[in-house]
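# Inside the fold
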Amino acid sequence: DTLGKLIPMETFLVNLAGTRGNKLVKINMELEVNSDKVVEEIERRKPQIRDIIIILLSSKTYDQVNTKEGKVFLRDEVRDTVNSFLVKGKIKMVYFTDFIVN
């Protein structure tokens, strides 16, 4: 299975839920997509996509993102959430290239 096109997203830096701003998560991710058409769509809709991802990330607690299982679940959740409104193609996989909680 060959790697599809990768679209890097700008860094996400959000407060985690239930921490009163005491815990931040900093995430870099790349989106693997299945067609050139969806690359254009994602570039065009990046503000909307970033907004959806930020809302999703900031709804997570420290415990939800601090385990391997939590990160895998979050990766799939980001993919499925963004895919739910893409029309030109789909994200095959989300890769976290940086994931720091402090």
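Residues numbered from 1 in each chain as written. Predicted model: local features only at pLDDT ≥ 70, side-chain atom pairs only at ≥ 80, totals over all residues. Heavy atoms only, no water.

## What to know about helix α4 (residues 68-83)
Our working rule: Under the DSSP-based scheme used, a helix requires at least four consecutive residues in state H or I and a strand at least two consecutive residues in state E, with every element numbered from the N terminus. Multiply 1.5 Å by the residue count of a helix minus one, and that product is the helix's expected span. Relative accessibility decides the category of a residue: with a 1.4 Å probe and only protein chains considered, values under 20% of the type maximum give buried, values over 50% give exposed, and everything between is partly exposed. Throughout, a contact is declared for two residues whenever any of their heavy atoms are within 4.5 Å.
Along its 16 residues, α4 runs 23 Å from first to last C-alpha, staying within 8% of the 22 Å computed at 1.5 Å per residue. Within the sequence span of α4, burial applies to G70, L74, V78, V82 and N83. As for α4, its buried residues are in contact with β3 (24-33), α2 (46-58), α3 (62-65) and β4 (91-101).

## Looking at the packing of aromatic side chains
Rules: In this analysis, rings of Phe, Tyr and Trp, with Trp reduced to its six-membered ring, are considered paired at centre separations within 6.5 Å, and the interplanar angle assigns stacked below 30 degrees, edge-to-face beyond 60, and tilted for intermediate values. A ring is considered to have a charge above it if a Lys NZ or an Arg CZ atom is located within 6 Å of its centre and within 35 degrees of its normal.
Taken as a whole, this structure holds one aromatic pair when the rule is applied. Looking at K23, its charged tip hangs above the ring of Y62, at a distance of 4.7 Å from the centre. The ring centre of F12 lies 4.2 Å from the NZ or CZ of R50, which sits over that ring.

## Considering the nonpolar core
Using the following cut-off: Only buried Ala, Val, Leu, Ile, Met, Phe, Trp, Tyr and Cys residues count toward a nonpolar core, and they belong to the same one when joined by side-chain atoms within 4.5 Å.
By size, the foremost hydrophobic cluster in this structure holds 26 residues, and its most contacted members are M29, I42 and I53. Counting residues per element, the ones that place at least two in this core are β2 (12-15), β3, α1 (36-44), α2, α4 and β4. Of the residues forming this core, the biggest block, five residues, is contributed by β3. Apart from the residues lying within four places of it in its own chain, the contact partners of I42 are I7, L31, V33, I49, L86 and I91.

## Considering the environment of L86
Its place among the elements puts L86 in the loop between α4 and β4. L86 sits in the buried class, given a relative accessible area of 5%. Measuring from C-alpha to C-alpha, the distance between L86 and I49 comes to 9.6 Å, with 37 residues separating the pair along the chain. Those residues in contact with L86, other than ones at most four positions away along the chain, are V38, E41, I42, R45, I49 and I91.

Geometry only, nothing functional implied.
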